[in-house]
Amino acid sequence: MTNNREKRSRLADRTDRGFDLEARIDGRKERGLRRDLTPVESVSERSRYAEDPGADQPVFGKRTEMMVFASNNYLGLATDERVQRAASSVADSIGTGAGASRLVTGDTPVHRALERDLAESKGTERALVFSSGYAANVGTITALDPDVVFSDAYNHASIVDGCRLSDAEIVVYDHCDATALADAMADRAPDSDESWLVVTDSVFSMDGDVAPLGAVCNVAERYGAWVMVDEAHATGVFEDGGGIVQREGLTGRVHVQLGTLSKALAAQGGFVAASGPVIEHLSNTARSFVFSTGLSPPAAAAARTALSIARNGSRRTQLWDNVERLRTGLESLGFDVLGTTHIVPVLIGNRTEAMELATHLEEAGIIAPAIRPPTVPDGTSRIRLAPMATHTERDVEQCVAAFERAEEKR
Ligand code: PMP
């Protein structure tokens, strides 16, 4: 009571009811959390930091070509001529923006064609594209409106935000631990007639590890829960250009396969692949779909071409060769390399040391940022490497050599 009254009188004394953003910005700087936007000239595996024409003075002063080991453009298709041509020809024929929600006048043949291709690739009845993977997660979880969501502790922020925006009770289970999931379900089971959703990333972006999807499905099936898998980092990269759901043969057991068009599929946007009723429901009730302009047609065209290259081409083989070369090279130098996928995080531990290593790498012409708390737990700072299909053997060797030299300087 007293506290509330004190707080009220303190607030009444305030002359400025704004937000004191300077203090918050300074606070972030003091805690080492402030980050800069850093424009680059292109999104290919080699790029330069870009000049900012609006700046009073050159922002970076660094104009040398850098090798990019930090992009999610895993197959290097965002600068592939076929993909670029697909986007520009649809910009010419259909237009650059959808102009309205898909439910109004923003629905075009290229959206439909992409959705058919995605559904075919994912082995589902239908698919629906959103303006981003973030919007797809938030819209899907809220529209399903589960009573309880069981969510992996390391799930992406857009899943976390979808859970928070929904009215569901959120049960967070230990990362990649199907036994912990089973225990959490067993604790609730006896008098439960609620709807349950299990949601997990398939490939985790900061650890490069893979959810035990088969075990997750087994547990979920025991209780009749639905399973939703976010394949943002996996789509296009695994079996036949699919994700982990395809690799593990779980297509019929996962109720919602979600992904993004912005990583291996080289464009922008998100999608859900699922049964007819799920897609019908989402297209009418997912607020981030209904109340948002349709995906831009050129992005849809680019993603469609990228998907067909990912499914049929040799880009995946090139990517996995590079992954293998990078993992083996770093491990033979004694680095602690996490995960088992095309995301190659190198565990350093201490946040300052990770930042120093990132600076050494940058001086050697390699862009590979340090990932620190709060993004990852204290004491687990790391360099997150993401090789691309378009890196050459020599590029990867240079990256490994740069780690070796940086290590000698430490
Ligand atoms: N899910 C996961 C696992 C992601 O890593 C991301 C993006 N980093 C998203 C969803 C969001 O996708 P988008 O960038 O298309 O909004």
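Because the structure is predicted, anything quoted here is derived from the model rather than measured. (Residues numbered from 1 in each chain as written. Predicted model: local features only at pLDDT ≥ 70, side-chain atom pairs only at ≥ 80, totals over all residues.)

Asker: How should the overall build of the chain be read in this particular structure?
Answerer: The number of helices and strands found in the chain is 15 helices and 14 strands. For the chain, the C-alpha radius of gyration of 23 Å lies close to 22 Å, the compact-globule estimate for 410 residues. Reported as C-alpha extents along the three principal axes, the dimensions of the chain are approximately 65 × 60 × 45 Å. Counting only residues that meet the buried cut, the chain has 46% of its 410 residues in that class. (Helix = DSSP H or I, 4+ residues; strand = E, 2+ residues; numbered from the N terminus. Rg over C-alpha atoms; globule rule 2.2 N^0.38 Å. Buried ≥ 20, exposed ≤ 12 C-beta atoms within 10 Å, placed from the backbone.)

Asker: What is the right way to look at the sheet that holds strand 10 (residues 336-337) in this model?
Answerer: Neighbouring strands of a sheet are bound in pairs by backbone hydrogen bonds; such pairs are parallel or else antiparallel. Across the sheet, four strands lie side by side as 10-11-14-13; this open sheet has antiparallel pairing. The two strands at the open ends of the sheet, each matched to only one other strand, are strand 10 and strand 13 (370-371). Here strand 11 (residues 344-349) runs beside strand 14 (residues 381-385); their pairing, made up of five bridges, is antiparallel. Considered in strand 14, the bridge of Gly349 is made with Ser381. Sitting on the sheet, helix 13 (residues 315-332) is in contact with strand 10, strand 11 and strand 14, with an inclination near 20° to strand 11. Across the sheet, helix 14 (residues 351-363) is in contact with strand 11, strand 13 and strand 14; its angle to strand 14 comes to roughly 30°. (Pairing = 2+ DSSP bridges. Contact = placed C-beta atoms within 7 Å. Axes fitted to C-alpha atoms, helices over the stretch in contact; angles between N-to-C directions.)

Asker: Can you help me understand the UniProt feature "domain: Aminotransferase class I/classII large" (unreviewed entry) in the chain in this one?
Answerer: If you check UniProt for "domain: Aminotransferase class I/classII large" (unreviewed entry), the listed places come out as residues 65-402 in our numbering. Annotated as residues 65-402, this span is 43% helix and 17% strand, and its ends, taken at the C-alpha atoms, are 15 Å apart. (UniProt positions renumbered as here; feature names shortened; annotations may be inferred.)

Asker: Even after reading the chapter, I still don't get the pairing of strand 8 (residues 256-260), so can you show me in this structure?
Answerer: Sheet faces and side chains relate simply in a regular strand, where the side chains alternate between the two faces. Here strand 8 lies mainly inside the structure; five of its five residues are buried. Residues Val256, Leu258 and Thr260 of strand 8 are buried on one face, and the alternating residues Gln257 and Gly259, pointing to the opposite face, are buried as well. Sheet topology places strand 8 next to strand 9 (residues 270-274); five bridges connect them, and they run antiparallel. Residue pairing in the sheet places Leu258 in a bridge with Val272 of strand 9.

Asker: So what exactly am I meant to see when it comes to the environment of Ala225 here?
Answerer: Locating Ala225 in the fold gives a position in the loop between helix 8 (213-223) and strand 7 (226-230). The sequence separation of Ala225 and Ala98 amounts to 127 residues, and the corresponding C-alpha distance is 36 Å. Excluding residues within four positions of it along the chain, Ala225 makes contact with Trp196, Leu197, Val198 and Ala220.

Asker: Looking at this model, I keep getting lost on the site of the ligand. Mind explaining?
Answerer: In the neighbourhood of the ligand, 14 residues make up the surrounding shell, with Ser132, Gly133, His156, Ala232 and Thr260 lying closest. Ranked by residue count, the leading element in the shell around the ligand is helix 5 (residues 133-144), at three residues. Classifying every residue of the shell around the ligand gives two nonpolar, ten polar and two charged. (Near = placed C-beta within 6 Å. Nonpolar A, V, L, I, M, F, W, Y, C, P; charged D, E, K, R; others polar.)

Asker: Just checking my understanding: could you explain unusual backbone geometry for this structure?
Answerer: Across residues other than glycine, the phi torsion is negative in most instances, and most of the peptide bonds are trans. Of note, the bond from Pro373 into Pro374 is cis; its omega dihedral lies within 30 degrees of zero at 10°. Tracing the chain through its elements places Pro374 in the loop between strand 13 and strand 14. Positive phi outside glycine occurs at Cys176, with the angle close to 55°. Structurally, Cys176 is set in the loop between strand 5 (169-173) and helix 7 (178-188). Judged by C-beta crowding, with 21 C-beta atoms within 10 Å, Cys176 ranks as buried. Look at Ala266: it is not a glycine, yet its phi comes out positive at around 65°.

Asker: Before we go on, may I ask you to explain the confidence of the model for the chain in this structure?
Answerer: Regions with low pLDDT should not have their predicted coordinates read in detail. Mean pLDDT over the chain: 93, with 94% of residues reaching 70 or higher. Confidence estimates for the predicted assembly give a pTM of 0.94 and an ipTM of 0.99. (pLDDT = per-residue confidence, 0-100.)

Asker: Help me understand the pairing of strand 7, please; the structure alone is not making it clear to me.
Answerer: The buried fraction of strand 7 is high, at four of five residues. Pairing of strand 6 (residues 196-201) with strand 7 involves five bridges; the strand directions are parallel. Looking across to strand 7, one finds that Val199 is bridged to Met228. Read as a crossover between parallel neighbours, the route from strand 6 over helix 8 to strand 7 is right-handed. The pairing of strand 7 with strand 8 spans three bridges and is classified as parallel. The residue of strand 8 that forms the bridge with Val229 is Gln257. (Right-handed = clockwise from strand over helix to strand, strands pointing away.)

Asker: Before we go on, may I ask you to explain the environment of Val227 in this structure?
Answerer: Positionally, Val227 belongs in strand 7. As a C-alpha pair, Val227 and Ile309 span 82 residues in sequence and 29 Å in three-dimensional space. Among residues more than four places away in sequence, those in contact with Val227 are Val198, Val216, Cys217, Ala220, Arg253, Val254 and His255.

Asker: Looking at this model, I keep getting lost on helix 7. Mind explaining?
Answerer: Residues spaced three or four apart along an α-helix point in a common direction, a consequence of the helix completing one turn every 3.6 residues. All of the buried residues in helix 7 are Ala178, Leu181 and Met185. Around the axis of helix 7, the buried residues are gathered within 55° of arc, so they sit on the same side. Turned more than 90 degrees away from the buried face of helix 7, the exposed residues are Thr179, Ala186 and Asp187. Looking at the buried positions of helix 7, the neighbouring elements they touch are strand 4 (148-152), strand 5, strand 6 and helix 8. (Arc of directions from axis to C-beta.)

Asker: Quick question: what am I supposed to make of the domain arrangement of the chain here?
Answerer: Interface size is commonly expressed as the accessible area that is lost once the parts come together. You can read the domains of the chain as domain 1 (32-64 + 314-409) and domain 2 (79-312). Computed from C-alpha atoms alone, the centre-to-centre distance between domain 1 and domain 2 is 27 Å. Each side of the interface is counted separately: domain 1 has 18 residues, and domain 2 has twelve residues. Only helix 13 and strand 11 provide two or more residues apiece to the side of domain 1 that touches domain 2. (Domains from an automatic or database assignment.)

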